Amino acid sequence: MTEGEKLIPVDISEEMKSAYIDYSMSVIVSRALPDVRDGLKPVHRRVLYGMFDMGVLSNRPYKKSAAIVGEVLGKYHPHGDTAVYDTMVRMAQYWSLRYMLVDGQGNFGSMGGDPPAAMRYTEARMRKFSEDMLIDIDKETVDHQLTYDDSREEPIVLPTRIPNLLVNGSAGIAVGMATNMAPHNLSEVIDGTIAYIDNNDIEIDELIKHIKAPDFPTGGIIYGYEGVKEAFKTGRGRVIIRAKAEFQEVKGKECIVVTEVPYQVDTSILLKKTSDLVKEGKLEGITDVRDESARGKIRIVYILKRDAVPNVVLNNLFKHTELQTSFSVNNIALVNGRPQLLNLKELIYHFVEHRHDVVYRRTDYELRKAKERIHILEGFMKVMATEDTMGKAIEIIRFHDKPKEDLIAEFDLTDIQAEAILALALRRINKALILQTKEEYEQKLAEIRDLEDILARKERRTEIIKEELLEIKEKYGDARRSTIEYAGGEFSVEDMIPDDKMVITISHAGYIKRTSLSEYKTQSRGGVGQKASTTRDQDFLEHLFVSSNHQYLLFFTQKGKCFWMRVYEIPEGSKTAKGRAVQNLINIEQDDKIKAFVSVQNLKDEEYINNNYLIMATKQGTVKKTLLKEYSRPRQNGINAITIKEGDELIEAKLTSGSSQLMLAVKSGRAIRFGEEKVRAVGRNSQGVRGIDLNTENDEVVGMIAIENPREETVLVVSENGYGKRSYIDDPETHEAVYRITNRGGKGVKTISITEKTGQLVAIKSVLEGEDLMIINKSGIAIRLSIDTLRISGRATQGVKLINIKGKDSIAAVTKVMKEDDDETDATEEVTPPTEE
């Protein structure tokens, strides 16, 4: 130990504790966590401020990345060049940031894990988006601090007009804590922020109506809503993201085509892992995987084996690969230099408070500058008051030894005013300048009054913040990229999805879609109809059903199984869209088909499910009645609805209240009517009882209707060649039964006269005045006509022509729809008049 030195004993545990706390706080505050106000970590802020300071703006030429990195390193961020360049690269990648902050030119990497080119090869500049984060920084809107070498100052936070933390998210690992914040859609965030500004007491449930869910740069599907809702309310939650996949035929082979992958998924690793799993036999049904991605567009094609069920293969891909990932939200950000867990409302609150502070400081700065300018203008006006004063001023400036002091003494000026007059070129003093000075003086006075009003009234500042947010939305707002599949979770989404009437169609080959009822227009009887759907060769629309988005659908197959789905889960498509294969939505067997579907209100309402029944009919004339409660909890793979005998199949299912009357019709033209009470309720696995006796082996049941009001309802029957008619069930005048009530199991009575011209019976429906009828033939042509246009005929007549059939075409499906108030009858679509027989 040298002279003058001394030893100070310290407790090593205390020293380690103190040093570690200092280190951890440095990491938390100066490296790993974003500031809640601008959503940036120090390195991001320094890169943007460095580019701004260099003048590398969006309307200037690109500059070498190496030059920008060198500038940031030398002036603001004394760390490794790799850290700065990696930061800048990420801010220029469209798959990393929802709204990019840097405009890069050159190779900045790829979603497949390709690294960016070295900084000496790439170029960059700011984007307009990031310029709006630095706007007004020169107006003393934010505090500055000395840089690492005390040579200059840097901003502690940016005066951003953009709620960057919410729209771009952030990720970082500090000491003892981490942050992982999801990106969101700018338009939604601004709508939510304005809703908060309008009502500071707004609940998070109300904010969620504006900011629906995270919105990832790579799109994908947010599967389930519970995690999203929990993250919004608590700041922590698990969001499940699925790839966007569709089923296509490519060169005659069934394929799964992925066009969007979950956020932060490396496609090269995804492909390798998938190939390995296929080789190991853990993923069955896949013959090949191809990456057809190009020019930033993702396209991964999974070619399936002939016997593979696409829905099953896709579910296995979700289970075993990164086609399904989870994003664990952990909203930790720095609030006044301290890490804090924040929910959605708190994030918006801190941003709005920051904007209030920025607007106040900016206004204060502008007021100060305006007052400084008006002070100088007042000096000008003293000098320019008259020609004599101007002459005197010019004389002092030209000939006096001490013009500044003499001007001050002569005109009672301040030092600043005298300096400004001396800086004014003498040749500029003329009448035009005098007029201009007076106008500017008046303008500055008005400006000062306005600025003082902004400083005095918070509501003025609030309106300015809202206006600037709406400007940002107008400039950068876009549509959502990530879609939300609410059905993936337990969350009820009635408030998110309008309860619109939808037309649900299922084709013969099993393609389903829902289309808004408003797409269809009423036509007159006998028209050839509108083109309703584009289907595959030899496919045609077989089922048509009207329901609303919030209702439940029970699907019944010809083998007697039942599946459950919400209407809004069915893919929406235009009237001409093909739709999506039912077996890709529900796990139906390949050799089974949907034959009936029932719309029910709420399967969780005990009173409802215990007071309603499902009645089913089979092709061979069997009927079965079961309490709706038996079907309130179907499993993913379906449940048995009815035991079907060999050679038979289910054809119809109806929801009843227990007091209906049933009618079954057979293709030979007969129908039977009996009370529902004649069929006792049995369990799900029962076969049922005989409903109608078939005359011949070739005869079969074509439909069943449930009648609630026999004196108001009428029976509509349609034959395969387009003939149809309406008959009373009970005569409304005599109250006599047109179709007499019998016991179940009889042969029934004639309901239409079947001839070679009419063809066999294909449909029976119960209809009311004011309803519409929709008919679709096998070639896909649809016509909608009003029931009111069909006059009542006798029970045994052959009816009139409802739709003109061309060539060997025939009727495929008939359904009724309720007439909407806004329906239009478009006379121009009546192409062919009805044929008189």
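Values in this document were obtained by computation on a predicted structure and should not be read as measured data. Residues take numbers from 1 onward in each chain, read along the sequence in its written order. Since the coordinates come from a predicted model, pLDDT governs what is reported: local features require at least 70, and pairs of side-chain atoms require 80 or more to be given and counted, while whole-chain, interface and lining totals use all residues. Excluding hydrogens and water, the side-chain figures rest on all heavy atoms present in the structure.

Trainee: Is there a simple way to explain the overall build of the protein chain in this structure?
Mentor: For helices the rule is a DSSP run of H or I covering at least 4 residues; for strands it is a run of E covering at least 2, with both sets numbered from the N terminus onward. Counting secondary structure elements, the protein chain contains 18 helices and 41 strands. In terms of overall dimensions, the protein chain has C-alpha extents of about 130 × 85 × 50 Å along its principal axes. Of all 837 residues assigned to the protein chain, the portion counted as buried reaches 51%. Here a residue-residue contact requires only that any non-hydrogen atoms of the pair lie within 4.5 Å. Within the protein chain, contacts between residues at least 6 apart in sequence are counted, and of these 72% link residues at least 24 apart. As presented, the protein chain carries roughly 39600 Å² of accessible surface, and 46% of it is formed by carbon and sulfur atoms. For the protein chain, the centre of its 119 positive side-chain charges and the centre of its 132 negative side-chain charges are spaced 6 Å apart. Under the scheme applied here, a residue whose accessible area is under 20% of the maximum for its type counts as buried, over 50% as exposed, and between as partly exposed, the area being computed with a 1.4 Å probe on protein chains only. Methods summary: accessible areas were calculated by the Shrake-Rupley approach with a probe of 1.4 Å, and residue burial reflects only the protein chains presented. In this count, Lys and Arg are taken as positive residues and Asp and Glu as negative ones, while His and the chain termini are left out. The atoms used to mark charge sites are NZ of Lys, CZ of Arg, CG of Asp and CD of Glu.

Trainee: Mind showing me how you'd approach helix 11 (residues 310-320) here?
Mentor: Since the α-helix packs 3.6 residues into each turn, any two residues three or four apart lie on the same face. Those residues of helix 11 that fall on the buried side of the exposure criterion are Pro-310, Asn-311, Val-313, Leu-314, Leu-317 and Phe-318. Around the axis of helix 11, the buried residues are gathered within 165° of arc, so they sit on the same side. In this description, one arc is meant: the one made by directions from the helix axis to the C-beta atoms.

Trainee: Looking at this structure, how should I read the UniProt feature "active site" (unreviewed entry) in the protein chain?
Mentor: UniProt positions are given in the numbering used here, feature names are shortened, and annotations may be inferred rather than shown by experiment. The feature "active site" (unreviewed entry), as annotated in UniProt, sits at Tyr-121 in this numbering. Relative to the helices and strands, Tyr-121 is located in the loop between strand 2 (102-105) and strand 3 (123-126). For Tyr-121, a relative accessible area of 55% translates into the label exposed.

Trainee: Where do I start with the sheet that holds strand 10 (residues 244-250) in this structure?
Mentor: In space, the four strands of this open sheet follow the order 10-11-13-12, with antiparallel pairing throughout. Each end of this open sheet is capped by a strand with a single partner; those strands are strand 10 and strand 12 (286-291). Here the strands of the sheet are splayed against their neighbours by 25° on average, with no regard to which way each runs. When DSSP finds two or more bridges between a pair of strands, those strands are recorded as paired. Where strand 11 (residues 253-260) lies against strand 13 (residues 300-304), four bridges are found, and the strand directions are antiparallel. Note on strand 13: the bridge partner recorded for Ile-256 is Tyr-302. Axes here mean lines fitted to C-alpha atoms, for a helix over just the part in contact, with angles spanning 0 to 180 degrees between N-to-C directions. Helix 10 (residues 267-280) contacts strand 12 and strand 13 of the sheet and is inclined by roughly 15° relative to strand 13. Relative to strand 11, helix 11 is tilted by about 40°, and along the sheet it contacts strand 10, strand 11, strand 12 and strand 13.

Trainee: Looking at this model, I keep getting lost on unusual backbone geometry. Mind explaining?
Mentor: As a rule of thumb, non-glycine residues mostly have phi less than zero, and peptide bonds are mostly trans rather than cis. The backbone of Arg-295 shows a phi angle near 50°, a positive value even though the residue is not glycine. Structurally, Arg-295 is set in the loop between strand 12 and strand 13. By relative accessible area, which is 86% here, Arg-295 ends up exposed. Phi angles above zero are rare outside glycine, and Asp-412 is one such case at about 55°. Relative to the assigned elements, Asp-412 resides in the loop between helix 14 (403-411) and helix 15 (415-423).

Trainee: I would appreciate a short explanation of helix 2 (residues 42-54) in the present structure.
Mentor: Here helix 2 spans 18 Å end to end across 13 residues, near enough to the 18 Å set by a 1.5 Å rise per residue. In terms of burial, helix 2 is largely enclosed, as 10 of its 13 residues are buried. Along helix 2, the residues classified as buried are Pro-42, Val-43, His-44, Arg-45, Arg-46, Val-47, Leu-48, Tyr-49, Gly-50 and Met-51. The positive-phi residue at the C-terminal boundary of helix 2 is Gly-55, with phi of around 80°. Multiplying 1.5 Å by the helix residue count minus one yields the expected span of that helix.

Trainee: Even after reading the chapter, I still don't get the domain arrangement of the protein chain, so can you show me in this structure?
Mentor: You'll often see interface size given as the accessible area lost when the parts meet. Each domain span listed reflects an automatic or database assignment of domains. Here the protein chain is described as being made up of domain 1 (26-157), domain 2 (244-322) and domain 3 (353-476). When each unit is reduced to the centre of its C-alpha atoms, the spacing between domain 1 and domain 3 is 36 Å. Listed by partner, the interface residues are 13 residues for domain 1 and 10 residues for domain 3. Summed over both partners, the accessible area (1.4 Å probe) lost when two parts come together is defined as the buried area. Roughly 1100 Å² is buried in total at the junction of domain 1 and domain 3, and carbon and sulfur atoms are behind 52% of that figure. Sorting the residues of domain 1 by area buried against domain 3 places Lys-139, Glu-140 and Thr-141 first, and these three jointly supply 42% of that buried surface. Throughout this description, the term salt bridge denotes a Lys or Arg side-chain nitrogen within 4 Å of a carboxyl oxygen of Asp or Glu. Remark: the boundary between domain 1 and domain 3 carries five salt bridges. Ionic pairing is found between Lys-139 and Glu-366, a salt bridge with its closest N-O pair at 2.8 Å. Under this definition, polar contacts are N or O atom pairs within 3.5 Å; protein pairs additionally need one hydrogen-donor-capable and one acceptor-capable atom, and for neighbouring residues in sequence, both atoms have to be side-chain atoms. One can count nine residue pairs in polar contact (both at pLDDT 80 or more) joining domain 1 with domain 3. Residue classes follow a fixed rule: Ala, Val, Leu, Ile, Met, Phe, Trp, Tyr, Cys and Pro count as nonpolar, while Asp, Glu, Lys and Arg count as charged, and any other residue, Gly among them, counts as polar. By residue class, the composition of the side of domain 1 that touches domain 3 is four nonpolar, one polar and eight charged.

Trainee: Mind showing me how you'd approach the environment of Tyr-349 here?
Mentor: Locating Tyr-349 in the fold gives a position in helix 12 (residues 344-383). Sequence spacing of Tyr-349 and Asn-200 is 149 residues, and the spatial spacing of their C-alpha atoms is 8.5 Å.

Trainee: Quick question: what am I supposed to make of the packing of aromatic side chains here?
Mentor: Aromatic ring pairs are defined here through the distance separating the ring centres and the angle between the ring planes. Side-chain rings of Phe, Tyr and Trp (the six-membered ring for Trp) are treated as a pair once their centres are within 6.5 Å; stacked means planes under 30 degrees apart, edge-to-face means over 60, and tilted covers the remaining angles. One pass over the structure, following the stated rule, counts 10 aromatic pairs. Aromatic pair Tyr-99 and Phe-129: ring centres 5.5 Å apart, planes at 5°, arrangement stacked. One end of the pair, Tyr-99, is in the loop between helix 4 (81-90) and strand 2; the other, Phe-129, is in helix 5 (residues 128-134), with 30 residues separating them in the sequence. The exposure class assigned to Tyr-99 is buried, which follows from its relative accessible area of 6%. Seen from their ring centres, Phe-556 and Tyr-631 are 6.1 Å apart, and the 70° between their planes marks the pair as edge-to-face.

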